[in-house]
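Chain by chain, the residues run as shown.
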Amino acid sequence: EAGVAQSPRYKIIEKRQSVAFWCNPISGHATLYWYQQILGQGPKLLIQFQNNGVVDDSQLPKDRFSAERLKGVDSTLKIQPAKLEDSAVYLCASSSGGQGRGWRYFGPGTRLLVL
Amino acid sequence: AQKVTQAQTEISVVEKEDVTLDCVYETRDTTYYLFWYKQPPSGELVFLIRRNSFDEQNEISGRYSWNFQKSTSSFNFTITASQVVDSAVYFCALSEAGAAGNKLTFGGGTRVLVKP
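Quick summary incoming for the structure in this document.

Analysis parameters
Residues numbered from 1 in each chain as written. Chains lettered and ligands numbered in written order. Predicted model: local features only at pLDDT ≥ 70, side-chain atom pairs only at ≥ 80, totals over all residues. Heavy atoms only, no water. Buried < 20%, exposed > 50% of the residue type's maximum accessible area, 1.4 Å probe, protein only. Helix = DSSP H or I, 4+ residues; strand = E, 2+ residues; numbered from the N terminus. Pairing = 2+ DSSP bridges. Lys, Arg positive; Asp, Glu negative; His and termini not counted. Salt bridge = Lys/Arg side-chain N within 4 Å of Asp/Glu carboxyl O. Polar contact = N/O pair within 3.5 Å; in protein donor to acceptor, adjacent residues only side chain to side chain. Contact = heavy atoms within 4.5 Å. Phe/Tyr/Trp six-rings, centres within 6.5 Å; stacked < 30°, edge-to-face > 60°. Disulfide = S-S within 2.5 Å.

**A closer look at the pairing of strand S4 (residues 31-37) of chain A**
All names here are of chain A.
Then, number 1: A large share of S4 lies buried, amounting to seven of its seven residues.
Then, number 2: Of the two faces of S4, the one holding Thr-31, Tyr-33, Tyr-35 and Gln-37 and the one holding Leu-32, Trp-34 and Gln-36 are both buried throughout.
Then, number 3: Alignment of S4 against strand S5 (residues 44-50), held across six bridges, turns out to be antiparallel. Within S5, the residue paired with Trp-34 across the bridge is Ile-47.

**Describing the side chain of A:Arg69**
Residues and elements named next belong to chain A.
Then, number 1: Here Arg-69 is to be found in the loop between strand S7 (65-68) and strand S8 (75-79).
Then, number 2: Buried within the structure, Arg-69 lacks any salt-bridge partner; its nearest side chain of opposite charge belongs to Asp-74, at an N-O separation of 6.8 Å.
Then, number 3: At 2.6 Å, the side chain of Arg-69 forms a polar contact with the backbone oxygen of Ala-30.
Then, number 4: Those residues in contact with Arg-69 that lie beyond four places of it in its chain are Pro-25, His-29, Ala-30, Thr-31, Leu-32, Phe-49, Gln-50, Asn-51, Asn-52, Asp-74 and Ser-75.

**A look at the packing of aromatic side chains**
Then, number 1: Counted by the stated rule, this structure contains 18 aromatic pairs over all chains.
Then, number 2: With 6.1 Å between their ring centres and 70° between their planes, A:Phe106 and B:Phe106 make a pair best called edge-to-face. Here A:Phe106 is found in strand S10 (residues 105-106), whereas its partner B:Phe106 is found in strand S11 (residues 104-106) on a different chain. One exposure class covers both A:Phe106 and B:Phe106, and it is buried.

**Re the state of the cysteines**
Working definition: the covalent bond between the sulfur atoms of two cysteines is a disulfide.
Then, number 1: Evaluated as defined, the whole model comprises two disulfides over all chains.
Then, number 2: Paired by a disulfide, A:Cys23 and A:Cys92 hold their sulfur atoms 1.9 Å apart. Taking the sign of the S-S torsion, -70° for the link of A:Cys23 and A:Cys92, the bridge is left-handed. Of this pair, A:Cys23 sits in strand S3 (residues 19-24) while A:Cys92 sits in strand S9 (residues 88-95), placing them 69 residues apart in sequence.
Then, number 3: For A:Cys92, a relative accessible area of 0% gives the class buried.
Then, number 4: Put simply, B:Cys23 and B:Cys92 are joined by a disulfide, and their sulfur atoms are 2.0 Å apart. Judged by the torsion about the S-S bond (-70°), the B:Cys23/B:Cys92 disulfide is left-handed.

Here is the structure:
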């Protein structure tokens, strides 16, 4: 089965510019997650979708970050405007199980460098 | 609030040595799940193992084994007879079943370097 797809793999932008990332989860997975992983740290959950509804976005900097999953399948994460501290790897994951049981399958990530 | 601590930031071993990674967690839930993930240089997080809070039986899977002790809130992971391909960052993670969205919280990771 195909894994979680993400694009682009790499992105370099200047601060105050906008950027968008795309994620296509594993087919049939209702839950989709976006994580931010700053160099040298563990991934941090930004937002979690269950189908097309938001379950948890408590750690999403909503003044500059936004995410959507309109049809309950693929998702986009946007940063506008970007700051230097947004330089990180953005990981998308999906799972089919609930109650913490489900395996979260992670995509390859998008490496963002903000100059 | 859930928290995961990996005190070891980096471990360096020679091939064929065993490597044990420490993980200590904090949670108020009685039902939770613990995971270990591997992140090779390519960047993708690879699922390794999962245990639920009701099962303290320690097992071995190939060269991997784990020691889950609720009394000390520890979930340590061992790679036996390490190989160069085991070089990666390893993350311990916790998911509380009662938390909204079953949030997965990661530790800071331990970088393992296996030298030939």
